[in-house]
Amino acid sequence: MACDMKNILLIANPASQNGHGAFLAQRAMEALFHQMEDSEIEVILTTHPHHATEIAASSDGFDVLIALGGDGVIHEAVNGLMQLPKEKRPQFGVIPTGSGNDFARSIGMPKGLTNACHALSSAVSRSSDAGCVNGRYFAETLSFGLDAAIALDTVERRRKTGLKGTALYATSSLYQLKHSFRSYEYSVKVDGEAAEEGRFITFAVQNGPYYGGGFKICPEARLDDGLLDICISHPPISRLAAARAFALAKGGSHTHIKQIQLFQAKSLDITFAEEPPVQIDGEKLTGTTFHVDVEPGALRLLYPQHAARS
């Protein structure tokens, strides 16, 4: 669907990209204005944690809300948009400048600020889902166990080393495989059915297919099918086999491994015997009991034209 983009709000974190976020926001505004001269573009730089959520929650009246940054600012913006009545939510676009950019990858948004702004200028609006866990929304991913420990480790490791993307995730994976490799006991109700019990090492609940900077953990996941895609790895599995499974997941080729379980659901009720590591779009979450579901068609996402046709 063609979209109206006369009135645009751009959110950016000035501390992102080693303090270059404000500069990138200025460049993005100039690039967008060059592509869309008839549009009015307002830029707001965040000043404190969850500020992007507050800004997005007050964005009714704008045609488009654009988040410039990584999956963290996208996560905050989505949670702000979901505070608005559906009919008042602006269309949502992203300019990926983070280290993982998994959500941007899922909608086919190209890398590079100029390329992304060009894609946004001719973007197509498409209804897409939002995941929700215990009242908190996620754009792309929710995970428990080893994969969550890896995701959380990448945050601190990125600050210390400057690594990004696959290199960052691979380094964190090797460290956590050595230090945090263990299984957890769980009970899960799928779509309200009888509870099933088991043990897991990794447990990913996906809205889109990617996590960890491009690992295609749920290859068939779509943002607009009204379903969550789940990938669970069960013991027994060795550290070496787990490392191989992670490597295969980069291309989505891990699905044939016998310890891997893949399925889809509209809702999950999960209880853990003890608290595992938990991440939501790369942010830390805590608890032992989680209700997870999906809100179909919650967002109007701006897709590049080539991606909107797929």
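Model, not experiment: these values are computed from the prediction.

Turning our eyes to something else, we now look at the packing of aromatic side chains. Using the criterion set out here, one finds 13 aromatic pairs in the structure. When the ring of Phe203 is compared with that of Phe272, the centres are 6.5 Å apart and the planes differ by 80°; the resulting orientation is edge-to-face. In this pair, Phe203 sits in strand S10 (residues 202–206) while Phe272 sits in strand S15 (residues 267–272), placing the two residues 69 residues apart along the sequence. The same class applies to Phe203 as to Phe272, namely buried. Seen from their ring centres, Phe272 and Phe290 are 6.0 Å apart, and the 65° between their planes marks the pair as edge-to-face. Highlighted residues: Phe272 in strand S15 and Phe290 in strand S18 (residues 289–303), separated in sequence by 18 residues. A residue is classified by how much of its surface remains accessible, and Phe272, at 4% relative accessible area, is buried. What links up through ring pairs into an aromatic cluster is the set Phe144, Tyr184, Tyr186, Phe200, Phe203, Phe272 and Phe290. Over the ring of Tyr303 we find Arg126, and its NZ or CZ is 4.1 Å from the ring centre. Lying across the ring of Tyr184, Arg182 places its NZ or CZ 4.0 Å from the centre.

Our next topic: helix H7 (residues 146–161). For H7, built from 16 residues, the straight-helix expectation of 22 Å at 1.5 Å per residue is met to within 8% by its first-to-last C-alpha distance of 21 Å. Roughly 30° is the biggest bend found in H7, and it falls at Val155. Restricting attention to buried positions, one finds in H7 the residues Leu146, Asp147, Ala148, Ala149, Ile150, Ala151, Asp153, Thr154 and Arg157. Two residues or fewer after H7 comes Gly162, characterised by a positive phi angle close to 80°.

A general trend in soluble globular proteins is that nonpolar side chains are found buried together. Membership of the largest hydrophobic core comes to 54 residues, with the highest contact counts inside it found for Ile74, Phe92, Ile95 and Phe103. Among residues more than four places away in sequence, those in contact with Ile74 are Ala67, Phe92, Val94, Phe103 and Ala139. Within the second largest apolar cluster, 25 residues are counted, among which are Val133, Tyr184, Val205 and Phe263.

Turning our eyes to something else, we now look at the pattern of salt bridges. When the charged atoms of two side chains lie near each other, side chains of opposite charge can form a pair. The full count for this structure, using the stated rule, is 7 salt bridges. Across the salt bridge formed by Arg126 and Asp224, the nearest N and O atoms sit 3.5 Å from each other. Of this pair, Arg126 sits in strand S5 (residues 124–133) while Asp224 sits in the loop between strand S12 (215–216) and strand S13 (228–233), and the two are 98 residues apart along the sequence. On the basis of relative accessibility, which here comes to 19%, the residue Arg126 falls in the buried class. In this structure, the salt-bridge partner of Asp153 is Arg157, at a minimum N-O distance of 2.7 Å. In this pair, Asp153 and Arg157 are both assigned in helix H7, 4 residues apart and thus about one turn of the helix distant.

Thresholds applied
Residues numbered from 1 in each chain as written. Predicted model: local features only at pLDDT ≥ 70, side-chain atom pairs only at ≥ 80, totals over all residues. Heavy atoms only, no water. Phe/Tyr/Trp six-rings, centres within 6.5 Å; stacked < 30°, edge-to-face > 60°. Helix = DSSP H or I, 4+ residues; strand = E, 2+ residues; numbered from the N terminus. Buried < 20%, exposed > 50% of the residue type's maximum accessible area, 1.4 Å probe, protein only. Lys NZ or Arg CZ within 6 Å of the ring centre and 35° of its normal. Expected span 1.5 Å × (residues − 1). Bend = angle between axes of the 7 residues up to and from the residue. Core = buried A, V, L, I, M, F, W, Y, C linked by side-chain atoms within 4.5 Å. Contact = heavy atoms within 4.5 Å. Salt bridge = Lys/Arg side-chain N within 4 Å of Asp/Glu carboxyl O.

The values reported here are purely geometric and, on their own, carry no functional implication.
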